[in-house]
Amino acid sequence: MSEKTPLLHYRLTNSTCSEPRDVCKHSGTKAGRGGRRSKGKPARKLGVVFGVVIPTLLSMFSVVVFLRIGFVVGQAGLYQSIAMFLVAYFIITMTVLSVCAISTNGALDAGGAYYMISRALGPEFGGSIGIMFFFANVCSSALYVLGLVEAVMSNFGIPEEGVATVAGPHQVLPSGYWWSLLYGTVLLFLCFIVCLVGAHIYAKAAFIVFLIVATVLVSVFMSFFIVRPIVVILPDTSSLNITSLSTANYSGFQLHTLEGNLLPKYTVDYTTGAMMSFVTVFAVMFNGCTGIMAGSNMSGDLKNPSYSIPRGTLSAVLTTFITYNLLSLLIACSCERYLLQRDYSFLGDINIWPPMVTVGVYSSTMSAAMSNLIGASRILYALSKDNLFGGVLALAKKTSRSGNPWASVLVSWLLIQVVLFTGKLNTIAGIVTIFFLLVYAAVNLACLALEWASAPNFRPSFRCFTWHTCTLGIIGCLLMMFLINAIYAFASIAFMLLLVMLIHYLGPISNWGFISQALIFHQVRKYLLMLDVRKDHVKFWRPQVLLMVANPRSCTRLMTFINDLKKSGLYVLGHVKLGSLDKLPSDPLQSSYVSWLSLVDRLNIKSFVNLTIADSVRQGVQNLLFITGFGAMRPNTLVLGFYDDHTPEDHLQGKILLSTGHGMDEASPSMEPSEQRSLIFPSLRGTEEPKDLQGEEYVSVIADAVKMGKNVTLARYFNHFDREEVLGSGRKIRGHRSKMGPFIDVWPLNLLRPDTHGCVDVCSLFLLQLASVLQETRAWSQARLRLFLCVEAGCSLKKEEDTKLQVMLKELRISAQVQMVPWDQVVALHWQRQQEDEEAEREDGIQEFPNTPPQLADEYICAVNSLVRSHVAPQPAVRFLYLPRPPADTSHYHAYLHHLDLLSRDLGPTLLIHGVTPVVTTDF
């Protein structure tokens, strides 16, 4: 079942079998290849108490409750101790609320925190946090084993040579590095056997340990009321050069004892010789509050994770909070501060049966090591199932017939055994806690992202959380990381970011869904509503382009050029498929939409894709102009390919591409044919095949866009445009700018209406603005503008026009090389034809349509074309020409298109532009 399987299907396939019991049992126990079941999922056996409450309680208690609770009260006093617990539990409670919210939002599989983070934040964050969480559990298990070995050796080990201590009758175990390694290996092997059998055996063993720890805690509480005041002999501190008394008093419940323990009194830690402070004591105390994920790590073995995790985790957190505070109060009322500061194991000295506390320390430490081992194995199993690291973790996928991931347990045990060889893990202990805190912060971040995304499917049954609690949890976890050790905190974050990048670039593509997409949608929708079209101003105008593409196979070069021209504006690729939904069983565009997006990724252009189906191209373009965009983000410029008889060239011919969701890659020859997917684009039109669009309809599309207030651009000869070659001509050579950079030629005069005076109108300024926008892009930054102004020799306005143009360019901050082009001989051809037409009209009495252009002779237009082509020193990369408005009389459409063809013939890459909207602020 994939990640996209509907939740309803999940519930149906995982519900209780309604068939007879023997049928269910037979189908549920049938094993498949590799030791895994071929039908159904492994039976989940653990409930709230055995699966969540007990593992969480044992992980949170560990040895802190027995060895560090007096240290906290002795250094910080009762007031600050309670404040520390309130702050610490506030931080972890915020995280617990996030855990509860995510765990009650649908199905939860094996992996605990890793599963929650990866399915919310994606494989990059999930995989990196999962690896860190796995290693944190491995090192933490080794720490507990080594701690247990040291505790055993301190009580039963023979003192090493050079230590001035007389061995007691019970100290019989040989000491030394290899002996300690042997003891640790034996203890770890016992944990391995329990975890290898299965989660149900671990739960039973944990329950036995829990009973032992609970009995010890009861004895501790009873001792405060039963044991009378005694004098406690303190441990030897001579090795740290600390001059102190050798005894301290347990006074029982005394008011003066409580008064002496209310306020803080920080002193030197007799075990390390370091001076204590609020931050250092709080960091030590906070280590005992971690472990809240022990129950979540068992999510794959729980009968109902959505029910068990919230109730079990919250119950465990509340129980430990009450226990810690009550124990702090009893200690402050009965133990002198000197005893608390000089003997961290005083609970055993004042217990009704002193060995009871030692048993509790051993049991809780053994349980914590076992909990981290099974937690690490479950995380490794979840990572291997998701294939984030390819075949590296293939071995860890193997499970037993009952569904126990024995291979993951084996790998985790081996890694812990390797860590045991280091002997001392003091340097690793701090970073382990920071890894755990980073995981907690990531869980809060995952819940915060889901809440902010406002996705309809995020509706957890546990509702006692808000984005405020998630944010406080993130801040609290990060703050604690840097309080414990700022260097380790920076190192862990850097390690996480490195893993994120590695998985992003090397990991496989997942289909889990990306929370980033939901967050982007939420924010984009909000800001689109704030983008008010009524507040548009010409100062902030930018091109928002709709490029109509008949077939992407022949338009890739034009698509990349328009991507440069858009200048951080809206860019939409539009396509019209001829047809009608009335005659089709389904929308034919849905299957090709992915191919369009994949092509966009491959070309590395930033554009949207909008496809439509219509009875005609003209109707389809009208539909796209009406509906493309949202609010103020709508196309203001329509770009069309030029209408001519040129046979289109296939720029994608022979390229089989793979759509990966993030982009397209060339197919490997070793791939199976079924895995290769060609672009779903039709073949190009042949030389003899008719066009889908006639010339009159093409001009109608232009006229429609102008009537709708859109700027229109016609692109010709961009099949000859080689972007790499053009832009390479202007790159820096040995640190110096090349003098032969690409040129952008602008002809702002309406060459088909030479009777118009001046070159400063809306359309001319629009040409100039687009050319300037292209030059401002990073790729075209070395291009140079050349402005060609056609004038008649001896005209009295020549000097005035020149001055006016120079001032205008200065006001607009546009750097361009202005060249005056005499065209007396060319324009004479026009005036001669114009006089003949006027005489003919007066004789015939013909009434012209408004906006009907004058009759132009082909001879004049060819002369203009030759004039433009004559200015090619050096050859420009692209030309910008003035596109006149289409005639009002539709009978002139053919002549209009013919004139455009003659004007732009053989000019190379050319844009014919007609602007209808003001785009610059000028007084001219």
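Note that residues are indexed from 1 along each chain, following the sequence as it is written. Local features in this predicted model are restricted to residues whose pLDDT is 70 or higher, and side-chain atom pairs enter the listing and the counts only when it is 80 or higher, whereas totals over whole chains, interfaces and linings include all residues. Derived side-chain values reflect all non-hydrogen atoms in the structure, with water molecules and hydrogen atoms excluded from consideration.

## As for the overall build of the chain
The line we're drawing: Under the scheme used here, helices are H or I runs from DSSP no shorter than 4 residues and strands are E runs no shorter than 2 residues, and both carry numbers assigned from the N terminus. Per-residue accessibility, obtained with a 1.4 Å probe over protein chains only, is compared with the maximum for each type, and a residue is labelled buried under 20%, exposed over 50%, and partly exposed between these values. Working rule for contacts: check all heavy atoms of both residues, and any pair within 4.5 Å makes them a contact. Methods summary: accessible areas were calculated by the Shrake-Rupley approach with a probe of 1.4 Å, and residue burial reflects only the protein chains presented.
Within the chain, the regular secondary structure consists of 30 helices and 14 strands. Taking all 924 residues of the chain together, 50% fall into the buried category. Taking all contacts inside the chain whose residues are at least 6 apart in sequence as the whole, residues at least 24 apart take part in 81%. Per element, the accessible surface of the chain, about 44100 Å² overall, is 59% carbon and sulfur.

## Re a nonpolar patch on the surface
Heads up, the condition is: Each patch is assembled from residues with relative accessible area greater than 30% and no salt bridge, linking like charges that lie within 9 Å and nonpolar side chains (Val, Leu, Ile, Met, Phe, Trp, Tyr) that lie within 5 Å. We define a salt bridge as a contact between a side-chain nitrogen of Lys or Arg and a carboxyl oxygen of Asp or Glu at a distance within 4 Å.
Among the surface-exposed residues, Val218, Met222, Phe225, Ile226, Phe253, Ile352 and Trp353 lie close enough to one another that they form a single nonpolar patch of about 720 Å² accessible area. Looking at phenylalanine 253, the relative accessible area reads 37%, which means it is partly exposed.

## Some thoughts on the environment of leucine 767
For leucine 767, the location among the structural elements is in helix H26 (residues 762–776). Sequence separation between leucine 767 and tryptophan 747 is 20 residues; the distance between their C-alpha atoms is 8.3 Å. Excluding anything up to four places from it in sequence, leucine 767 contacts Val746, Trp747, Pro748, Phe880, Leu881, Tyr882 and Ile913.

## Let's talk about the side chain of threonine 365
Stated formally: Think of a polar contact as two N or O atoms within 3.5 Å of one another; within protein, one of them needs to be a possible hydrogen donor and the other a possible acceptor, and neighboring residues in sequence only count if both atoms come from side chains.
Its place among the elements puts threonine 365 in helix H15 (residues 355–385). Polar contacts involving the side chain of threonine 365 include one to the main-chain carbonyl oxygen of valine 361, which spans 2.6 Å.

## Structural notes on the sheet that holds strand S14 (residues 910–914)
Applied cut-off: Any two strands are treated as partners once DSSP identifies two or more bridges connecting them. Axis lines are fitted through C-alpha atoms, for helices just across the contact stretch, and the angle between N-to-C directions can take any value from 0 to 180 degrees.
Strand order in this open sheet of ten strands is S5-S4-S3-S6-S9-S14-S13-S10-S11-S12, and the pairing throughout is mixed. The two strands at the open ends of the sheet, each matched to only one other strand, are strand S5 (608–614) and strand S12 (816–822). Here the average twist between neighbouring strands, direction ignored, is 25 degrees. Across five bridges, the pairing between strand S9 (residues 711–716) and S14 is antiparallel. By the bridge assignment for S14, leucine 714 is matched with leucine 912.

## Topic: the pairing of S5
Note the cut-off: The handedness rule is simple: strands pointing away from the viewer, and a clockwise path from the first strand over the helix to the second, make the crossover right-handed.
In terms of residue burial, S5 counts as a mostly covered element, since six of its seven residues are buried. Direction of pairing for strand S4 (residues 571–578) relative to S5: parallel, over a ladder of seven bridges. Bridging across to S5, glycine 574 finds its partner in asparagine 610. For the crossover that starts at S4, traverses helix H22 (residues 589–603) and ends in the parallel S5, the hand is right-handed.

## Notes on the packing of aromatic side chains
Rules: By convention, a stacked pair of Phe, Tyr or Trp rings (six-membered ring in the case of Trp) has centres within 6.5 Å and planes under 30 degrees apart, an edge-to-face pair has planes over 60 apart, and any other such pair is tilted.
If you walk through the whole model with that rule in mind, you get 25 aromatic pairs. When the ring of tyrosine 177 is compared with that of tryptophan 178, the centres are 5.0 Å apart and the planes differ by 75 degrees; the resulting orientation is edge-to-face. Judged by its relative accessible area of 61%, tryptophan 178 is exposed. Here phenylalanine 482 and phenylalanine 490 contribute two aromatic rings whose centre-to-centre distance is 5.0 Å and whose plane-to-plane angle is 75 degrees, an arrangement assigned as edge-to-face. Overall, phenylalanine 482 belongs to the partly exposed group, its relative accessible area being 31%.

## Focus on the pattern of salt bridges
Following the criterion strictly, the structure yields nine salt bridges and no others. The salt bridge partner of arginine 553 is aspartate 650, with a shortest N-O separation of 3.5 Å. Of this pair, arginine 553 sits in the loop between strand S3 (545–548) and helix H21 (556–565) while aspartate 650 sits in the loop between strand S6 (637–641) and strand S7 (657–659), and the two are 97 residues apart along the sequence. Residue classification places arginine 553 among the buried residues on the basis of a relative accessible area of 12%. By sharing partners, the salt bridges in this structure join Asp644, Arg716, Asp901 and Arg905 into a single network.

## A closer look at the nonpolar core
Stated precisely, the cut-off is as follows: Only buried Ala, Val, Leu, Ile, Met, Phe, Trp, Tyr and Cys residues count toward a nonpolar core, and they belong to the same one when joined by side-chain atoms within 4.5 Å.
One finds Phe224, Ile331 and Cys335 to be the most contacted residues of the largest nonpolar core, which totals 157 residues. A total of 19 residues in this core trace back to one element, the largest contributor, which is helix H5 (residues 69–103). When neighbours within four sequence positions are excluded, isoleucine 331 is seen to be in contact with Ile69, Gly70, Val73, Phe224, Asn261, Leu340 and Phe346. Residues Cys555, Ala783, Ile814 and Val919 belong to the second largest nonpolar core, which totals 54 residues.

## Overview of the confidence of the model for the chain
Caution applies to low-pLDDT parts of the model: their predicted coordinates are not meant to be read in detail. For clarity, the threshold we go by: Each residue carries a pLDDT score, the predictor's own confidence in it, on a scale running from 0 to 100.
Considering every residue of the chain, the mean pLDDT works out to 79; 81% of them sit at 70 or more. Contacts for the low-pLDDT stretch residues 656–678, under 50 throughout, to residues beyond four places or in other chains number 44 contacts. The low-confidence segment residues 732–738, where pLDDT is below 50, has eleven contacts with residues more than four positions distant or belonging to other chains.

## Points about unusual backbone geometry
Phi is positive for serine 568, which is not a glycine, with a value near 60 degrees. Positive phi outside glycine occurs at aspartate 906, with the angle close to 60 degrees. The residue aspartate 906 is located in the loop between helix H30 (893–904) and S14 in this model.

## Observations concerning the side chain of threonine 713
On the secondary structure map, threonine 713 appears in strand S9. If we skip the residues at most four places from it in the chain, threonine 713 touches Thr637, Leu638, Val639, Leu640, Leu770, Leu911, Leu912 and Ile913.

## So, the packing of helix H23 (residues 617–627) against helix H24 (residues 695–707)
Selection rule: Throughout, the term roughly parallel applies to angles under 35 degrees, roughly antiparallel to angles over 145, roughly perpendicular to angles from 65 to 115, and oblique to all others. A clockwise turn of the near helix away from the far one marks a right-handed crossing, whereas an anticlockwise turn of less than a right angle marks a left-handed crossing. Under the grouping applied here, Gly and all other residues not named as nonpolar or charged are polar, the nonpolar ones being Ala, Val, Leu, Ile, Met, Phe, Trp, Tyr, Cys and Pro and the charged ones Asp, Glu, Lys and Arg.
Contact pair H23 / H24: the axes reach a minimum separation of 9 Å and the direction vectors enclose 20 degrees. The angle between H23 and H24 falls in the class roughly parallel. The handedness of the crossing between H23 and H24 is right-handed. Where H23 abuts H24, its residues Val617, Arg618, Val621, Gln622 and Leu625 lie against Glu697, Ser700, Val701, Asp704 and Ala705. Counted by class, the contact of H23 with H24 contains five nonpolar, two polar and three charged residues.

## Overview of the environment of leucine 624
Within the fold, leucine 624 resides in helix H23. The class of leucine 624 is buried, set by a relative accessible area of 0%. Look past the residues within four positions of leucine 624 in its chain and what remains in contact with it is Leu546, Met548, Gly574, His575, Val576, Asn610 and Thr612.

## Considerations on helix H19 (residues 486–506)
What counts is decided by this rule: Here, expected helix span is obtained from the residue count minus one, scaled by 1.5 Å. The reported arc concerns the directions from the helix axis to the C-beta atoms and nothing else.
An ideal rise of 1.5 Å per residue puts 30 Å on 21 residues; H19 measures up with 30 Å between its terminal C-alpha atoms. Listing the buried residues of H19 in full gives Ala489, Ser492, Met496, Leu499, Val500 and Ile503. For H19, the buried positions fall inside an angular range of 105 degrees around the axis, keeping them on one side. Facing away from the buried side of H19, by more than 90 degrees, are the exposed residues Ile487, Phe490, Tyr505 and Leu506. The backbone nitrogen of isoleucine 487 lies 3.0 Å from a side-chain oxygen of the residue at the head of H19, namely asparagine 485.

## A word on H26
Over its 15 residues, H26 extends 21 Å from the first C-alpha to the last, a length consistent with the 21 Å expected when each residue adds 1.5 Å. Burial of H26 is extensive: 13 of the 15 residues sit out of reach of the surface.

## Brief notes about the environment of threonine 560
Its location among the elements puts threonine 560 in helix H21. Each C-alpha atom of the pair threonine 560 and isoleucine 605 lies 6.5 Å from the other, and the pair is 45 residues apart in sequence. Not counting residues within four places of it along the chain, the set of residues in contact with threonine 560 comprises Leu603, Ile605 and Arg723.

## Re the state of the cysteines
For clarity, the threshold we go by: When two cysteine sulfur atoms lie within 2.5 Å, the pair is treated as a disulfide.
Summed over the entire model, instances satisfying the criterion amount to zero disulfides. Lacking any disulfide linkage, cysteine 333 is separated from the closest cysteine sulfur, that of cysteine 335, by 9.7 Å. On the basis of relative accessible area, cysteine 333 is assigned to the buried category, the value being 13%. You can see cysteine 464 has no disulfide; the closest cysteine sulfur is in cysteine 100, sitting 8.9 Å from it.

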